[in-house]
Amino acid sequence: MDFNRAVIKVGSALVAPTENGCSGKYTLAISQFITKCQQQGKEIILVSSGGVAAGRSLIQHGSPNLSLATKKAMSSVGQMQMMANWQRFFDIPCSQILITQEDLADRRRFISIKHTIRIQLDNGVLPIVNENDTVASASSSVGDNDNLAALVAQVCEADSLFILSDIDGVFTKDPNINDDAVLIPEIEEITDEIYDMAGVSRNHLATGGMKTKIQAAEKAVEHGINTYIVNGTRSEVFASLLQEINPGTRFAADKNIITAKKHWLKHTLKSQGSITIDNGAVKALVNKGASLLPAGIKSVKNRFKAGDSVDLIDHQSKKVIAKGISLFSHNDLKRIMGKHSDEITNVLGEHHQSSVVVHRDDMVLF
Ligand code: GLU
């Protein structure tokens, strides 16, 4: 699939497929897929379920109907097993990010999560997100990582969301009872009929299964994120994805949204100043889709604050090649321009933690 940054959501049935907790049965192939994507320069954020399933055998429980408190206890101990299970398949470090949907609704926490993930991706770390089940409120219940993954995809401005489970995708009818059920490869618009086909009602309160996957797709495509439901138990699915063949159901991103963000950056935000950049930085921005670092800056013009929009000018052609949001004021930039990112803290002090001047997510190239 053609993407630059994706969230991959892995369901419990793939992480802990038996009563015995975590296993490499499916996670090995998923990890190999992630590694191949990273080798191609793609960025991956993993949203992994499996805490409850992995911790099931470690907490005493009598009945098959587990209470919420028991599930939370299982999830918290299973989380350790689950993280260890992922880490053993990667040479790069994995990070554990536990969040709730309430965290993502809070502006300050949203930004804090966004920055944590950004910095980790820039440092070659694989962020692994799960719901913080211990503190998640009863009303949001344990068990909706599909919707959480759609929110995570928005926080980290992913262009794609892959929901991996043990089903092939959305079918025209329930494939378990209808021999003539056909897999739907492409869904342009998520209507009530789509929910009906998946055997779930849009308004019914039930969670899990296909319903939360379609809900997640609905949230993601509205934000310009292509969403795929694919079968993560079949290793040939990953071979297809690497060959850019859709092996499941694809929900096409709303293209107007992508244009709206670019449009907003390009036309609505007025530039307060400009930054002239050297050949190396021009090449990195244009050819590699990189962020602008202080080392590539030759000069800074006009007064602007951190968070203001600025023009990025090629020092050779004197043309504006991009526009973006500067994370530093003009004064601070004058002090760090031409310097290596490591020197920022020395020059500006501890509170400046970003090594990037204009992040590529906040930049539009002309
Ligand atoms: N957070 C839960 C767990 O780790 C799972 C949520 C879900 O499967 O959607 O077990």
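Structure first, text after, so check above.
Quick look at the structure, then. Counting starts from 1 at the beginning of each chain's written sequence and moves along it residue by residue. Confidence filtering applies because this is a predicted model: local features only for residues at pLDDT of at least 70, side-chain atom pairs given and counted only at 80 or more, and all residues used for totals across whole chains, interfaces and linings. Heavy atoms throughout the structure, all of them, feed into the side-chain values; hydrogens and water do not.

1. Describing helix α2 (residues 24–39)
With 16 residues, α2 should cover 22 Å at 1.5 Å per step; its first-to-last C-alpha distance of 21 Å lies within 8% of that length. All of the buried residues along α2 are Tyr26, Thr27, Ala29, Ile30, Ser31, Phe33, Ile34 and Cys37. Between the side-chain oxygen of the N-cap and the backbone nitrogen of Lys25 there are 2.8 Å, and the N-cap of α2 in question is Ser23. Numbering of helices and strands runs from the N terminus; a helix is a DSSP stretch of H or I covering at least four residues, while a strand is a stretch of E covering at least two. Downstream of α2 by one or two residues, Gly41 has phi in the positive range, about 90°. Expected span of a helix, by definition, is 1.5 Å for each gap between consecutive residues, and there is one gap fewer than residues. Exposed residues in this analysis have more than 50% of their type's maximum accessible area, buried residues have under 20%, and partly exposed residues fall in between, with area computed by a 1.4 Å probe over protein chains only. Any N or O atom pair separated by 3.5 Å or less is treated as a polar contact, with the protein-specific requirement of one donor-capable and one acceptor-capable atom, and with residues adjacent in sequence counted only for side-chain atom pairs.

2. Quick notes on empty space enclosed by the protein
Here the term cavity refers to a set of points on a 1 Å grid, laid over the protein atoms alone, in which a 1.4 Å probe fits but cannot get out; the term pocket refers to an open set having protein on both sides within 12 Å along at least five of seven lines, with lining residues being those that place an atom within 4 Å of a point. Grid points are joined across faces, edges and corners, and a volume is the space filled by probe spheres set on the points. Here the structure, examined in full by the defined rule, presents one cavity of 30 Å³ or more. Of the pockets and cavities examined, the largest cavity occupies roughly 50 Å³. Around the largest cavity sit Arg5, Lys114, Ile117, Arg118, Leu121, Val155, Cys156, Glu157 and Asp361, which together line it. The biggest single contributor to the lining of the largest cavity is helix α6 (residues 107–122), with four residues.

3. Observations concerning the environment of Ala153
With respect to the helices and strands, Ala153 occurs in helix α7 (residues 145–155). Of the residues examined, Ala153 reaches a relative accessible area of 0% and is grouped as buried. Two residues form a contact once any of their heavy atoms are found within 4.5 Å. The residues contacting Ala153, other than those within four sequence positions of it, are Val7, Ala158 and Ile225.

4. Overview of the environment of Lys283
Its place among the elements puts Lys283 in helix α12 (residues 279–288). Separated by 115 residues in the primary sequence, Lys283 and Asp168 have C-alpha atoms spaced 41 Å apart.

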